[in-house]
Amino acid sequence: MVAHLGLGALSSCVPCTVLRKPLAMAVLRDDPIQDWILTEGKATEIKRISTVGGGCINLAYRYDTDAGSFFIKTNRSIGPSMFEGEALGLNAMYETNSIRVPRAYKVGALQTRGSYIIMEFVEFGSRPDQSVLGKKLGEMHKAGKSFKGFGFDVNNTIGSTPQINNWKSDWVEFFAEHRLGFQLKLAKEQFGDSTIYEKGERLMKNLGPLFENVAIEPCLLHGDLWSGNVSADKDGEPVILDPACYYGHNEAEFGMSWCAGFGGSFYNSYFESKNMWFR
Ligand code: ADP
């Protein structure tokens, strides 16, 4: 029965489902996602809900409505903080007005347990042109400035692993403590291997000389830029999604890109726009 449809009832898709506003009042109390879509989302009917595959952590859905399509992710065990971090990251990148990212509209708690995020639905095409992607990413790094140093306004997650973003004025300190140090601590807690932890500690203490005479300006990073988070829309425009944003050294972006498939044309156009940025 349409009026009782919730995500739990959904299989792979609900074709031709029509949820109209007057009928939907009972639904509105039960389902914060449909509630938002039928109010602030400005839809008067939800025509179809279908599942979207390809994610690593969450369940994903496409809602087609008379006000366009929305993309929704839900997580049944984690509260809204993970999606709040994702939404702040998406909207920070969006505001740089450079590379295309989906706009995040709403984050909240599910009725029983867990959380959801509602965002702009992007129709994906094929892979982006690497040189355009490099140029656009360079533009985002250039436009995404921080006046608070290195960090982000909230802690967030990379995949589902927590990421600490407390502000620091010094990049080496930030990277040693919040990135290397924190990951090493998690690994030690989980696997009990103190050898790697001790080696990592030595590295953390000796990072300084590697950055001597390097001017590092904090810039907005996607933070998890591997191939699964890079695509192109149907017009071929590069799109990046599912971020773990923070303000950091621009080259830290490429720490996650060992499996992004970036080639020479990507790096040439990225560093071309970066050189223009430092001139
Ligand atoms: P997870 O958080 O589980 O890793 P993703 O953010 O990677 O999930 O999203 C899962 C899949 O949904 C992606 O592989 C992508 O194909 C699709 N997707 C992500 N964001 C959007 C969007 N805004 N519009 C349309 N499809 C999207």
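The structure presented is a predicted model; accordingly, all values stated were derived computationally and were not measured. (Residues numbered from 1 in each chain as written. Predicted model: local features only at pLDDT ≥ 70, side-chain atom pairs only at ≥ 80, totals over all residues. Heavy atoms only, no water.)

(A) Structural detail: the site of the ligand. Neighbouring the ligand are 17 residues; Ile57, Asn58, Lys73, Glu120 and Val122 lie closest to it. Here Asn58 contributes a backbone N or O atom positioned 2.8 Å from an oxygen atom of the ligand. Across the complex, the protein chains shield 90% of the 550 Å² of accessible surface that the ligand would expose by itself. With respect to the pocket detection grid, the ligand is positioned in the largest pocket. For the shell around the ligand, a count of residues per class yields 10 nonpolar, 4 polar and 3 charged. (Near = heavy atom within 4 Å. Polar contact = N/O pair within 3.5 Å; in protein donor to acceptor, adjacent residues only side chain to side chain. Areas by Shrake-Rupley, 256 points an atom, 1.4 Å probe, with all protein chains shown as cover. 1 Å grid on protein atoms, 1.4 Å probe; cavity = no way out; pocket = protein on both sides within 12 Å on 5 of 7 lines; lining within 4 Å. Sits in = over half its atoms within 2 Å of the grid points. Nonpolar A, V, L, I, M, F, W, Y, C, P; charged D, E, K, R; others polar.)

(B) The arrangement of the pattern of salt bridges in detail. Scanning the entire structure with this criterion turns up 13 salt bridges. The residue Glu217 makes a salt bridge to Lys145 at a minimum N-O spacing of 3.3 Å. In this pair, Glu217 is assigned in the loop between helix H6 (194–205) and strand S10 (219–221) and Lys145 in the loop between helix H4 (130–143) and strand S8 (156–158), connecting sequence segments 72 residues apart. Classification of Glu217 as partly exposed rests on a relative accessible area of 36%. Notably, a salt bridge pairs Lys168 with Glu177, separated by 3.2 Å at the nearest N-O pair. Given a relative accessible area of 16%, Lys168 falls into the buried group. (Salt bridge = Lys/Arg side-chain N within 4 Å of Asp/Glu carboxyl O. Helix = DSSP H or I, 4+ residues; strand = E, 2+ residues; numbered from the N terminus. Buried < 20%, exposed > 50% of the residue type's maximum accessible area, 1.4 Å probe, protein only.)

(C) Local environment of the packing of aromatic side chains. Scanning the model with the defined rule gives 20 aromatic pairs in all. Here Phe70 and Tyr105 contribute two aromatic rings whose centre-to-centre distance is 6.1 Å and whose plane-to-plane angle is 70°, an arrangement assigned as edge-to-face. Of the two residues, Phe70 is situated in strand S5 (residues 68–75) and Tyr105 in strand S6 (residues 104–109); the sequence distance between them amounts to 35 residues. According to the relative accessible area criterion, Tyr105 is partly exposed, its value standing at 37%. Aromatic pair Phe254 and Phe266: ring centres 6.0 Å apart, planes at 85°, arrangement edge-to-face. Of the two residues, Phe254 sits in the loop between strand S13 (246–248) and helix H7 (264–278) while Phe266 sits in helix H7, which places them 12 residues apart along the sequence. You'll find Phe254 and Phe266 in the same group, each marked buried. (Phe/Tyr/Trp six-rings, centres within 6.5 Å; stacked < 30°, edge-to-face > 60°.)

(D) Up close: the pairing of strand S3 (residues 45–52). With 6 bridges joining them, S3 and strand S4 (residues 59–65) adopt antiparallel strand pairing. Each bridged residue has a counterpart across the sheet, and for Ser50 the counterpart in S4 is Arg62. Hairpin connection between S3 and S4: a loop of 6 residues separates the two successive antiparallel strands, and Gly54 in this loop has a positive phi of roughly 105°. (Pairing = 2+ DSSP bridges.)

Note that every value here comes from positions in space, so none of it alone points to a role or purpose.
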